[in-house]
Amino acid sequence: TGRAEVFRAPPVWDRVRTFGDRHLPGWHSVLACGGPTSIDWHRDHGHFEAEALMLNLGVAEFWEQEDPRDPGTRECVTLRDGDVVRLDVKVLHKSRQVSDERFHLTWRRVKPQFLLVRQ
């Protein structure tokens, strides 16, 4: 829709690359968030595959809602410092920062049709 662009970013630190390779082989994208990390209900952009991996630093409430029309399908888990979570970013989700400081890194794969192969 022209709202987003997939582009090659600078290489990440070896520790970040190694962690992603070990836990989400074939990842293309890592999102690093810090400071205020609360975010309202959303699904991740359509160019990402559903499976993602998140490393949580600090404490947060992480919510998912399987059926967007039914609040009864909401589920909440408290993420603690050092938790590693495999999640489906196509399911409606949100988070609320609980600790004074919170960071998270999220590794994702880009759908093949959005990747350009450079010769």
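This text goes with the structure placed above it.
Residues numbered from 1 in each chain as written. Predicted model: local features only at pLDDT ≥ 70, side-chain atom pairs only at ≥ 80, totals over all residues. Heavy atoms only, no water.

(A) View of the state of the cysteines. Per the stated rule, a full pass over the model turns up zero disulfides. Cys-76 takes part in no disulfide bond, and the closest cysteine sulfur, belonging to Cys-33, lies 18 Å away. (Disulfide = S-S within 2.5 Å.)

(B) Highlighting the sheet that holds strand S1 (residues 29–33). One open sheet holds the four strands; their spatial order is S1-S8-S3-S6, and the pairing between them is antiparallel. Edge positions in the open sheet fall to S1 and strand S6 (84–88), since each of these has one partner strand only. Strand after strand, the sheet turns through a mean of 20° between neighbouring axes, direction not considered. Here helix H1 (residues 14–23) sits on the sheet in contact with S1, strand S3 (48–57), S6 and strand S8 (103–110), set at roughly 55° to S8. (Pairing = 2+ DSSP bridges. Helix = DSSP H or I, 4+ residues; strand = E, 2+ residues; numbered from the N terminus. Axes fitted to C-alpha atoms, helices over the stretch in contact; angles between N-to-C directions. Contact = heavy atoms within 4.5 Å.)

(C) Region of the structure containing the sheet that holds strand S5 (residues 74–79). Here four strands make up an open sheet; going across it, the order is S2-S7-S4-S5 and the pairing antiparallel. A strand with exactly one partner marks an edge of an open sheet, and here the two such strands are strand S2 (39–42) and S5. Each adjacent strand pair in this sheet contributes to an overall mean axis angle of 15°, direction not counted.

(D) Representation of the environment of Gln-65 in the model. Mapped onto the secondary structure, Gln-65 falls in strand S4 (residues 60–65). Relative accessible area serves as the criterion here: at 2%, Gln-65 is assigned to the buried category. Here the alpha-carbon distance between Gln-65 and His-93, two residues 28 residues apart in the chain, equals 6.3 Å. The contact partners of Gln-65, leaving out residues within four places of it in the chain, are Trp-41, Asp-70, Pro-71, Thr-73, Arg-74, Val-91 and Leu-92. Of the polar contacts made by the side chain of Gln-65, one reaches the backbone oxygen of Pro-68; its length is 3.3 Å. (Buried < 20%, exposed > 50% of the residue type's maximum accessible area, 1.4 Å probe, protein only. Polar contact = N/O pair within 3.5 Å; in protein donor to acceptor, adjacent residues only side chain to side chain.)

(E) Fine view of the layout of surface pockets. Empty space within the second largest pocket amounts to approximately 330 Å³. Lining the second largest pocket are 20 residues; nearest its centre among them are Leu-31, Ile-39, His-42, Asp-44 and His-104. Secondary structure elements with two or more residues in the lining of the second largest pocket: S1, S2, S3, strand S7 (92–97) and S8. Considering only residue class, the lining of the second largest pocket consists of nine nonpolar, seven polar and four charged. (1 Å grid on protein atoms, 1.4 Å probe; cavity = no way out; pocket = protein on both sides within 12 Å on 5 of 7 lines; lining within 4 Å. Points joined across faces, edges and corners; volume = space filled by probe spheres on them. Nonpolar A, V, L, I, M, F, W, Y, C, P; charged D, E, K, R; others polar.)

Function cannot be inferred from these measures alone, as they are strictly geometric.
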